[in-house]
Amino acid sequence: MKGLIMSELLKNIDARTRLAGTNKLEILLFSLATDPRTGRRETFGINVFKVREVIPTPALTVAPDMATAVKGMVSLRGALVPVVDLSEFVGVVSDTPREIMIVTEYNGRTQGFLVESVDTILRLDWSQMRVPPEMLTANLGGLVTAVTELEDGRLVMLLDVERILSETAKSDDSAAFQDIPHLGRDDLTVLFADDSSVARGQIKRTLDAMGLHSISAVNGRAAWDELRRIAEKAEAAGRPVSDFIQLILTDVEMPEMDGYLLTRSIKGDPRFNGIPVLMHSSLSSMSNQQLGRSVGVDDYIPKFEPHRLAETLVYRLLGKNASALVPMKNALVPAFTNPAGMLASVDARTKLAGSNQMEILLFSLGTHELFGINVFKIREVSHTPDITRTPNMPRGVEGLVSLRGSVIPVLSLSVVMQLNDAPSTLAPSMMVAEYNKRNLGFLVEQVDRIIRVAWDKVRATESVTGETHGYISAITELPDGRLVSILDVEQIMANTFGEAVVGPLDPITGGDAMNIFFVDDSMVARKKIAEVLDKLSLRHKHAQNGMEAWTRLSGMAAHAHQAGHSVREELNLILVDAEMPEMDGYVLTKNIKSDRRFDGIPVVMHSSLSSEANHAMGKSVGVDAYVAKFDAEVLSQTLRAQLQMNTRN
């Protein structure tokens with residue numbers, strides 16, 4: 001690829017995370033084509049943090065009714081990814097083939113950008129990134145957020161990806177701002193900084209809906225200058241700065257001064273004591289959130305969820321439980337008796353983790369059976385929207401919908417599960433679920449209610465028979481005697497989109513003498529985990545649920561004790577799923593960590609529940625590492641690191 005080895009180009013991403021907080025960044029340089037307006041072949045840039053991979057352009061599935069610059073969709077490891085031709089979007093018309101695709105992740109959404117060529121990675125200081133001049137801004141339609149100059153005199157332009165995604169999505173986002181509460185206060189002011197015009201507009205809409213006064217800044221330097229001006233004004237009036245401004249909201253990536261350095265400056269100046277700083281960014285990984293906390297941010301909010309932003313603002317400004325004032329973003333179907341409150345207080349539900357309890361959203365598919373899905377995995381429930389039919393889709397995939405800037409596949413569960421007695425018409429309701437950081441829609445006939453059950457009342461399906469057995473991971477019984485079948489979404493995704501591919505992995509030195517015990521209630525997950533362990537040359541045993549795992553582990557420990565040696569001599573690492581029938585992974589981990597016989601044996605949690613709340617719960621019960629399903633490379637790296645650490649100890 002033009003002499004550039006991509007495996008070398010994007011390696012050591014973990015090392016790059018250390019740049020955040022130092023006011024430095026690395027950008028991937030690329031070009032689009034020769035601009036007919038100027039005769040120049042301009043150089044563009046994108047933050048390496050946001051680049052997942054760079055690959056040759058794959059075959060695209062052309063989808064109807066897409067924006068002009070959206071050239072179609074591509075299936076990338078089970079996820080349907082929209083592909084945008086950046087040249088066409090910025091108005092640089094060229095016949096040069098777009099042979100390279102940059103795969104990026106913004107706000108948890110994945111998309112591909114077609115480019116002509118990729119150059120290199122450039123490391124520089126944010127202070128070297130300048131606000132673009134008005135002439136350049138006008139020429140490229142406001143798509144450039146920052147500019148820097150190379151040693152050879154070329155200018156590098158950083159593109160406003162939020163704006164590109166907003167304009168290509170062709171979605172009506174007005175619903176995202178509905179039901180944001182007006183606080184009825186005229187004495188509250190928020191200063192916010194963001195270099196993206198789209199992001200500033202979204203933030204302003206949220207603050208206006210809440211009735212808050214606001215002051216905006218186009219980057220960290222402008223925000224810091226304005227804050228110092230306000231502080232000087234407060235000093236001159238003999239009043240605290242908090243009389244003039246009550247909260248500060250900052251982006252992370254900004255020219256001249258990034259959000260980390262801005263936060264450090266604010267937190268290091270006693271004049272701003274007591275004023276909360278919220279970080280609001282599309283860089284929403286755990287490492288970025290931890291870096292935000294390390295410089296003193298009070299909350300870290302991923303872009304862009306207006307209701308979540310509003311909830312946090314309510315809490316920080318008024319000290320109230322946001323759920324009492326802010327309805328959840330979910331637009332629920334009329335079948336619910338309490339639509340606004342059905343999925344509210346999700347934060348409170350995170351406290352269920354570790355208590356061996358779960359909450360299940362009940363629904364039907366038009367048959368006599370009742371199904372359930374973990375509430376943790378549901379983002380929203382709505383009426384079935386207009387679906388864009390696309391060719392060459394797997395059985396059961398009805399098409400695509402655009403949901404707040406993200407294009408997601410929509411599956412008819414009754415078709416996927418081959419329920420012949422289900423209605424043949426399109427189901428009226430759609431559940432939007434998030435699995436392994438991927439969003440997809442499930443069409444269902446009717447959504448019923450949420451129930452809370454103990455995991456020990458949820459049974460594995462070994463004795464269950466019937467045509468849906470392959471898609472069911474567990475069952476539970478309602479007080480009226482009806483059975484609820486809990487979906488195995490990993491199996492549904494594998495059967496529909498194909499199983500995740502486990503690439504080549506280097507064996508672990510001495511792995512054939514190491515023993516791994518893993519537990520997962522999904523047959524697909526167990527198969528993939530075993531494949532990774534085999535490629536790492538690790539010996540392994542497994543269980544299908546938490547209770548079975550604890551019984552077998554206890555037996556291993558008792559046997560070791562009788563033999564007069566430590567179980568650590570027979571077991572090197574335990575890998576646990578989070579949600580499992582009879583005993584969940586949190587309780588299993590608690591049991592392991594509180595039993596001295598297992599001292600020194602690392603426990604790694606491996607789950608599709610990959611939110612920050614679940615990571616925090618895993619840490620609270622003592623897991624040594626938390627890995628989101630299913631990335632074979634990340635899983636293997638985590639296992640390798642934990643085993644090496646355990647060997648040294």
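Keep in mind that what you see is a predicted model, and the values were worked out from it rather than measured.

Buried residues dominate strand β10 (residues 155-159), accounting for 4 of its 5 residues. Relative to β10, strand β2 (residues 40-47) is paired through 3 bridges, and the arrangement is parallel. Bridging across to β10, threonine 43 finds its partner in valine 156. Pairing of strand β9 (residues 144-149) with β10, which is carried by 5 bridges, proceeds in the antiparallel orientation. Counted as the bridge partner of valine 147 is methionine 157 from β10. Hairpin geometry of β9 and β10 is characterised by an intervening segment of 5 residues between the two adjacent antiparallel strands and by a positive phi of about 95° at glycine 153.

Attention now moves to the sheet that holds strand β14 (residues 277-281). Sheet architecture is open: 5 strands sit in the order β12-β11-β13-β14-β15, paired in parallel fashion. The sheet terminates laterally at β12 (213-217) and β15 (299-302), the two strands that pair on one side only. Neighbour-to-neighbour, the strand axes of this sheet turn through a mean angle of 20°, independent of strand direction. Where strand β11 (residues 189-193) and β12 come together, 5 bridges link them in parallel fashion. Residue pairing in the sheet places leucine 191 in a bridge with isoleucine 215 of β12.

Now for the packing of aromatic side chains. The relation between two aromatic rings is expressed through the spacing of the ring centres and the mutual angle of the planes. On inspection of all chains with the given rule, the structure shows 4 aromatic pairs. Judged by centre distance (5.9 Å) and plane angle (50°), the ring pair of tryptophan 224 and phenylalanine 272 falls under tilted. You can see tryptophan 224 sitting in helix α7 (residues 220-237) and its partner phenylalanine 272 sitting in the loop between α8 (259-267) and β14, a full 48 residues away along the chain. Exposure remark for phenylalanine 272: the relative accessible area of 2% places this residue in the buried category. Ring geometry for tryptophan 550 and phenylalanine 598: centres 5.9 Å apart, planes at 45°, overall tilted. One end of the pair, tryptophan 550, is in helix α15 (residues 546-562); the other, phenylalanine 598, is in the loop between α16 (585-593) and β30 (603-607), with 48 residues separating them in the sequence. For phenylalanine 598, a relative accessible area of 2% corresponds to the buried category.

If you look at the biggest cluster of nonpolar residues, it comprises 36 residues, and the most contacted ones within it are Phe363, Met431 and Phe442. A per-element tally of this core places helix α13 (residues 489-497) first, with 4 residues. Discounting chain neighbours no more than four positions away, the residues touching methionine 431 are Leu361, Phe363, Ile373, Ile378, Glu380, Val381, Leu440, Gly441, Phe442, Val444 and Val447. Formed by 32 residues, the second largest nonpolar core is a distinct cluster that contains Ala33, Val54, Val92 and Ile102.

With that settled, consider the side chain of glutamate 26. As for its position among the elements, glutamate 26 is in strand β1 (residues 24-35). According to the relative accessible area criterion, glutamate 26 is buried, its value standing at 7%. A distance of 2.7 Å separates the side chain of glutamate 26 from the side chain of arginine 123, its partner in a polar contact.

Further remarks concern unusual backbone geometry. At glutamine 418, a residue that is not glycine, the phi angle is positive and equals roughly 55°. A relative accessible area of 45% places glutamine 418 in the partly exposed class.

Let's shift gears to the confidence of the model for the protein chain. Per-residue pLDDT for the protein chain has a mean of 79; in total, 81% of the residues score no lower than 70. Taken together, the stretch residues 1-18 has pLDDT below 50 and engages in 33 contacts with residues farther than four places along the chain or on a different chain. Here residues 321-351 is a poorly scored stretch, pLDDT under 50, and it has 65 contacts once near neighbours within four places are set aside; other chains count.

Within the secondary structure, aspartate 521 sits in the loop between β27 (515-519) and α14 (523-535). One buried charged residue, aspartate 521, forms no salt bridge at all, with the nearest opposite charge on lysine 629 at 5.5 Å. When neighbours within four sequence positions are excluded, aspartate 521 is seen to be in contact with Ser473, Arg526, Gln544, Asp577, Glu579, Met580 and Pro581.

The subject of this paragraph is α7. An α-helical turn contains 3.6 residues, so a residue and the one three or four places further along point in the same direction. A rise of 1.5 Å per residue sets the reference length of α7, with its 18 residues, at 26 Å; its end C-alpha atoms lie 26 Å apart and thus fit the reference within 8%. Looking at α7, one finds that the buried residues are Gly220, Ala223, Trp224, Leu227, Ile230, Ala231 and Ala234. Viewed end-on, α7 has its buried residues packed into an arc of 125°, placing them on one side of the element. Summarising the contacts, the buried residues of α7 are in contact with β11, β12, β13 (247-250) and α8. Where α7 begins, one side-chain oxygen reaches toward the backbone nitrogen of arginine 221, 3.0 Å away; that side chain belongs to asparagine 219. Just past α7, the residue glycine 238 takes up positive phi, approximately 70°.

Right, let's get into the environment of valine 444. Tracing the backbone shows valine 444 in strand β22 (residues 438-444). For the pair valine 444 and serine 364, spaced 80 residues apart in sequence, the C-alpha to C-alpha distance is 6.4 Å. Discounting chain neighbours no more than four positions away, the residues touching valine 444 are Phe363, Ser364, Leu365, Leu413, Ala427, Pro428, Ser429 and Met431.

About the criteria used
- Residues numbered from 1 in each chain as written.
- Predicted model: local features only at pLDDT ≥ 70, side-chain atom pairs only at ≥ 80, totals over all residues.
- Heavy atoms only, no water.
- Buried < 20%, exposed > 50% of the residue type's maximum accessible area, 1.4 Å probe, protein only.
- Helix = DSSP H or I, 4+ residues; strand = E, 2+ residues; numbered from the N terminus.
- Pairing = 2+ DSSP bridges.
- Axes fitted to C-alpha atoms, helices over the stretch in contact; angles between N-to-C directions.
- Phe/Tyr/Trp six-rings, centres within 6.5 Å; stacked < 30°, edge-to-face > 60°.
- Core = buried A, V, L, I, M, F, W, Y, C linked by side-chain atoms within 4.5 Å.
- Contact = heavy atoms within 4.5 Å.
- Polar contact = N/O pair within 3.5 Å; in protein donor to acceptor, adjacent residues only side chain to side chain.
- pLDDT = per-residue confidence, 0-100.
- Lys, Arg positive; Asp, Glu negative; His and termini not counted.
- Salt bridge = Lys/Arg side-chain N within 4 Å of Asp/Glu carboxyl O.
- Expected span 1.5 Å × (residues − 1).
- Arc of directions from axis to C-beta.

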